[in-house]
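What follows is the residue order along each chain.
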Amino acid sequence: MKSYFRPLPQASAPRPTDAVDLAGGPLWFTHAVALRRGGAPQIVPAKAIPDDVLARLTVPRAPIAGMDMGGLSLMGILNVTPDSFSDGGRYLEPEAAVAQARRMAEAGAGIIDVGGESTRPGAETVPVDEEIRRVREPIAAISAELDVPISIDTRKALVAEAALEAGAALVNDVAGFTHDADLAPLCATKQVPVCVMHAQGDPQTMQQAPRYDDVRLDVYDFLSKRVEALVAQGIARDQIMVDPGIGFGKTLDHNLILLRDIALFHGLGCPILLGASRKKFIGTISGAGTADTRVAGSVSVALHGASQGVQVIRVHDVDETRQALALWRAIEWGYKNGA
């Protein structure tokens, strides 16, 4: 029976001699939770983890799109759509999009994620030509004015190609490179890094009674297969990020389980991206009704992700998240002026 291993990260406690680095970053672990389908979880020492799995849990992650994967980067969300759940319609004009990108970059975003198709629950597919029209000019303008990498949030090869030509440096596909068969070969040919996300179903249907045998292990196996498929098509493993897809075909309980056990995905040997900003489950738990009132809850989730060694956190509220992370780092590792 296959075993999966979720490391138990530590930061500030005295480091034992048998501790190992988590993904080459500042966190470390001495033990992990061993998970098996149909079996009870068990805590095991790091030395009991098979060598190949331990290597993927501990190996330093290579930089991606100019971001240091040995630390934590913030991905600023920029939706150039009329119907995104949180900021739809605000940044349709290129001038407004550039201004928002500038604000996020100045606040500390390490990359700007531009999307021209809403993937909120129930959203309909946007025609390729329209999606290209929405994203190409803002990406070109941001690329020309700001010294910050840009990712394109799309499921479609033609949109990604137009975005890359305009200046994007990473392709972020919420469909896990299963929607458009031409997208992965394009990224391999262009030699651009990618983010592969898990979603059960498409945006129109994904929240209609999602079910899993074990959401953690099902999502892990999906991402593992997609990473291997991308590697087989010529994309280097160290240029692939993985995203468990919080809110994409998941119930409230599914989301909480994935967040609690998100360190499991370090076992894929890839940086982890966490995208939970302002999502509905935050409002359900906190009582914050509208998306723009869920900032505090979003920051709380981001801090949890940081404590589990997540390398990239995708957020609407860059400055608020950066402030919280700065205090978390100061508490865990000591304050350094200017750091």
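Up top you'll find the structure we're talking about.
Residues numbered from 1 in each chain as written. Predicted model: local features only at pLDDT ≥ 70, side-chain atom pairs only at ≥ 80, totals over all residues. Heavy atoms only, no water.

1. Description of the overall build of the protein
Secondary structure summary: the protein contains 10 helices and 13 strands in total. What you see for the protein is a C-alpha radius of gyration of 19 Å, in line with the 20 Å of a compact globule of 339 residues. Principal-axis analysis of the C-alpha atoms places the extent of the protein at approximately 55 × 45 × 40 Å. Counting only contacts in the protein whose residues sit at least 6 apart along the sequence, the fraction spanning at least 24 positions is 68%. Looking at the protein as shown, the accessible area adds up to about 14,300 Å², and 51% of this sits on carbon and sulfur atoms. Positive and negative side-chain charges in the protein, numbering 33 and 40 respectively, have mean positions lying 5 Å apart. (Helix = DSSP H or I, 4+ residues; strand = E, 2+ residues; numbered from the N terminus. Rg over C-alpha atoms; globule rule 2.2 N^0.38 Å. Contact = heavy atoms within 4.5 Å. Areas by Shrake-Rupley, 256 points an atom, 1.4 Å probe, with all protein chains shown as cover. Lys, Arg positive; Asp, Glu negative; His and termini not counted. Charge placed at Lys NZ, Arg CZ, Asp CG, Glu CD.)

2. Quick notes on helix α4 (residues 157-166)
The buried fraction of α4 amounts to seven of the 10 residues, a majority that puts the element mostly inside the structure. Buried within α4 we find Ala 157, Val 159, Ala 160, Ala 162, Ala 163, Leu 164 and Ala 166. Buried-residue contacts for α4 involve α3 (128-145), β8 (150-153), β9 (170-173) and α5 (183-190). (Buried < 20%, exposed > 50% of the residue type's maximum accessible area, 1.4 Å probe, protein only.)

3. Structural notes on the nonpolar core
Counting residues in each nonpolar core, the largest one holds 74 residues, and the members touching the most others are Leu 78, Val 114, Ile 139, Ile 142, Val 171, Phe 177 and Phe 265. Sequence-distant contacts of Val 114, that is, excluding residues within four places in its chain, are made with Leu 78, Val 80, Val 135, Ile 139, Ile 142, Ile 150, Ser 151, Ile 152 and Asp 153. Among the nonpolar cores identified, the runner-up in size contains 12 residues, and Leu 27, Phe 29, Ala 46 and Ile 49 belong to it. (Core = buried A, V, L, I, M, F, W, Y, C linked by side-chain atoms within 4.5 Å.)

4. Comments concerning unusual backbone geometry
You will see that Ala 65, though not glycine, has its phi angle at about 50°, which is positive. Structurally, Ala 65 can be placed in the loop between α1 (51-58) and β6 (73-79). Backbone geometry places Gln 191, a non-glycine residue, at a positive phi of 55°. With respect to the helices and strands, Gln 191 occurs in the loop between α5 and β10 (194-197). We classify Gln 191 as exposed; its relative accessible area is 58%.

5. Let's talk about the sheet that holds strand β4 (residues 31-35)
A sheet is described by the order of its strands in space; here three strands give the open sequence β1-β4-β5, paired in antiparallel fashion. Looking at the sheet topology across the chains shown, the edges are occupied by β1 (4-7) and β5 (42-45). This sheet shows a mean twist of 40° between the axes of neighbouring strands, independent of strand direction. By the bridge criterion, four bridges tie β4 to β5 in an arrangement that is antiparallel. (Pairing = 2+ DSSP bridges. Axes fitted to C-alpha atoms, helices over the stretch in contact; angles between N-to-C directions.)

6. A few points about the packing of α4 against α5
How two helices sit against one another is set out by the angle between their axes and by the gap between those axes. Axis separation between α4 and α5 bottoms out at 9 Å; the angle between their running directions is 25°. Our classification of the angle between α4 and α5 gives roughly parallel. Crossing angle aside, the handedness with which α4 passes α5 is right-handed. Between α4 and α5, the contacting residues are Ala 157, Ala 160, Glu 161 and Leu 164 on the first element and Leu 183, Leu 186 and Lys 190 on the second. Class assignment for the residues of the contact of α4 with α5 results in five nonpolar, no polar and two charged. (Parallel < 35°, antiparallel > 145°, perpendicular 65-115°, else oblique. Left-handed = near helix turned anticlockwise from the far one by under 90°. Nonpolar A, V, L, I, M, F, W, Y, C, P; charged D, E, K, R; others polar.)

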